[in-house]
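Given next are the chains, with one letter for each unit.
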Amino acid sequence: GHMFEAAAEVVNLERSILITGEHDDFYESLEGFSTAMMGSGSIDVRYTRLEYCGRRDKMGKYCLHFHMVGTCPECVFQGNAVVDSQQIGITIHGTQMALIDQNTLWDARAAGI
């Protein structure tokens, strides 16, 4: 007989807070909800499941998005599960000092982060 080593990755995608887009035609329309923090202010999303998000082939329509916020140490994306994204799961540009930590992306159809 032969010995084989088997290993599996286990990922917890469940969260007690859920933000979800339209399910019924998500795979046909290629469109889900999107978020963006732009300019001044702050956003703090922690330990939330975001599903059916992003808009395929639409620049700037991402599940979680910091857009040209500048220096923002109070901006946080932490411990989130981004599931079934038609676009990039998490996008950060033009933003410094934000905390992006311990997020899990599953089935994003573009780059993860």
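Read on for a plain summary of the structure.

So, how was this worked out
In this convention, every chain numbers its residues from 1, walking through the sequence in written order. With pLDDT at 70 or above as the cut-off, local features in this predicted model cover only qualifying residues; side-chain atom pairs require 80 or more to be listed or tallied, and sums for whole chains, interfaces and linings still use all residues. The side-chain figures draw on all heavy atoms in the structure; neither hydrogens nor water molecules are used. Any pair of cysteine sulfurs within 2.5 Å is marked as a disulfide. Only DSSP runs of H or I covering at least 4 residues are called helices, and only runs of E covering at least 2 are called strands; the numbering of each starts at the N terminus. Per-residue accessibility, obtained with a 1.4 Å probe over protein chains only, is compared with the maximum for each type, and a residue is labelled buried under 20%, exposed over 50%, and partly exposed between these values. Each patch is built from residues lacking any salt bridge and having more than 30% relative accessible area; the joining distance is 9 Å for like charges and 5 Å for nonpolar side chains (Val, Leu, Ile, Met, Phe, Trp, Tyr). Under the convention used here, a 1.4 Å probe and the Shrake-Rupley method define accessible areas, while residue burial counts only the protein chains that appear. Here, a salt bridge means any side-chain nitrogen of Lys or Arg that lies within 4 Å of a carboxyl oxygen of Asp or Glu. Only four residue types enter the charge count, namely Lys and Arg as positive and Asp and Glu as negative; His and the chain termini do not. Charge placement uses NZ in Lys and CZ in Arg. For Asp and Glu, CG and CD serve respectively.

Observations regarding the state of the cysteines
- Under the criterion given, the structure shown has 2 disulfides.
- Here C53 engages in a disulfide with C63; their sulfurs sit 2.1 Å apart. Disulfide C53 to C63: torsion about the S-S bond roughly 90 degrees, handedness right-handed. You can see C53 sitting in strand 4 (residues 48-53) and its partner C63 sitting in the loop between strand 4 and strand 5 (64-71), a full 10 residues away along the chain. Like C53, the residue C63 is buried in the burial classification.
- Between the sulfur of C72 and that of C75 lies a disulfide, 1.9 Å long from S to S. Residues C72 and C75 are joined by a disulfide whose S-S torsion is about 70 degrees; by sign, that bridge is right-handed. For the pair C72 and C75, a shared accessibility class is recorded, and that class is buried.
- The connectivity of the disulfides in the chain is 1-2, 3-4, where the numbers refer to bonded cysteines in sequence order.

Some words on a negative patch on the surface
- The grouping of E22, D24, D25 and E28 at the surface amounts to a negative patch.
- Note that D25 resides in the loop between strand 1 (17-20) and helix 1 (26-29).

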